[in-house]
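Okay, here's what each chain looks like letter by letter:
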Amino acid sequence: LAQSKKEYYANGEVKSEGKTVKNKKEGYWMFFYTDGTLMSIEKYKSDKLDGLAKYYSKEGKLERKEKWQTGVQQDSAWTYFADGQVKKRGMFKDGMYEGLWIHYFEDGKVKQKASYSKGKLEGDFERYNLNGTLFQKGKYKNGVEDGFWKFNDEEGKAINEGEYQAGKQIGTWYKYTKKENTRTV
């Protein structure tokens, strides 16, 4: 049988409230800051996070949404700026980043796109400036730079490029100069 349970801070404010079955959290639980403001809503199954969890700032703004399965973060996750705009979004698999993660500037423009496998950077990586111009592009393998990388200036013009292998620069790296628009080693 489910029993209602409340936990309190030393100041008497409610710290958390929800239901338990056999002394294990079950169903939705609410957690609060010391001033009584809602901190999070989490869903439990046999004392483990299981389902959608939402986390809020002290000002009551949604900061993050996550999906959990038997205590492990899985599926979609989002973090938000104070104005509600998406800051970062992606997927988890077995508690680790998986697939494409996109980070945004506060104005909603893409800041970074990165691919992950088992929590490590793996595959394409792109970073943009506030104007939306691509200024870094390359690939990762096992969490380190690997393959061709290109770096651009604020206007998107190449400033240098070359190859990485296992996180180290290899071969010839080229540097571009604005004056002559030439490539030098």
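Residues numbered from 1 in each chain as written. Predicted model: local features only at pLDDT ≥ 70, side-chain atom pairs only at ≥ 80, totals over all residues. Heavy atoms only, no water.

Q: Sorry if this is basic, but what is going on with the overall build of the protein chain here?
A: Per the secondary structure count, the protein chain includes 0 helices and 18 strands. Taking 2.2 N^0.38 as the reference for a compact globule, 185 residues should give roughly 16 Å; the C-alpha atoms of the protein chain span a radius of gyration of 23 Å, well beyond that estimate. Projected onto its principal axes, the C-alpha positions of the protein chain cover 75 × 30 × 25 Å. The burial tally for the protein chain puts 30% of its 185 residues in the buried class. (Helix = DSSP H or I, 4+ residues; strand = E, 2+ residues; numbered from the N terminus. Rg over C-alpha atoms; globule rule 2.2 N^0.38 Å. Buried < 20%, exposed > 50% of the residue type's maximum accessible area, 1.4 Å probe, protein only.)

Q: For this particular structure, what's the right way to read the packing of aromatic side chains?
A: Given two aromatic rings, one states the distance between the centres and the angle between the planes to describe the pair. Within the structure shown, the criterion is met by 12 aromatic pairs. A cation sits over an aromatic face here: Arg64 above Tyr55, 3.9 Å from the ring centre. Between the NZ or CZ atom of Lys65 and the centre of the ring of Trp78, over which it lies, the distance is 4.7 Å. (Phe/Tyr/Trp six-rings, centres within 6.5 Å; stacked < 30°, edge-to-face > 60°. Lys NZ or Arg CZ within 6 Å of the ring centre and 35° of its normal.)

Q: What is the right way to look at the environment of Tyr128 in this model?
A: When you line up the elements, Tyr128 lands in strand E12 (residues 120-128). Residue classification places Tyr128 among the buried residues on the basis of a relative accessible area of 15%. Separated by 77 residues in sequence, Tyr128 and Gly51 have C-alpha atoms that sit 33 Å apart. A polar atom in the side chain of Tyr128 sits 2.4 Å from the side chain of Glu126. (Polar contact = N/O pair within 3.5 Å; in protein donor to acceptor, adjacent residues only side chain to side chain.)

Q: Just checking my understanding: could you explain the pairing of strand E13 (residues 134-141) for this structure?
A: On any regular strand, side chains alternate: one points to one face of the sheet, the next to the other face. Bridging between E12 and E13 involves 6 bridges; their strand directions are antiparallel. Across the sheet, Tyr128 pairs through a bridge with Leu134, a residue of E13. Adjacent in sequence and paired antiparallel, E12 and E13 are bridged by 5 residues, among which Gly132 carries a positive phi angle near 90°. In the sheet, E13 pairs with strand E15 (residues 147-152) via 2 bridges, with the strands oriented antiparallel. Each residue of the ladder has a partner; that of Gln136, found in E15, is Phe151. Of the strand pairs in this sheet, E13 and strand E14 (residues 144-145) are connected by 2 bridges, and their pairing is antiparallel. For Lys141, the partnering residue across the bridge sits in E14 and is Val144. Where E13 folds back onto E14 in an antiparallel hairpin, the turn is made up of 2 residues, including Asn142, whose phi is positive at roughly 55°. (Pairing = 2+ DSSP bridges.)

Q: What am I meant to see in unusual backbone geometry here?
A: Leaving glycine aside, a negative phi is the common case for residues, and trans is the common case for peptide bonds. Phi is positive for Lys22, which is not a glycine, with a value near 55°. Mapped onto the fold, Lys22 is located in the loop between strand E2 (14-21) and strand E3 (24-32). With a relative accessible area of 77%, Lys22 lands in the exposed category. You will see that Ala166, though not glycine, has its phi angle at about 50°, which is positive. With respect to the helices and strands, the residue Ala166 is situated in the loop between strand E16 (158-165) and strand E17 (168-177). Residue classification places Ala166 among the exposed positions, given a relative accessible area of 54%.

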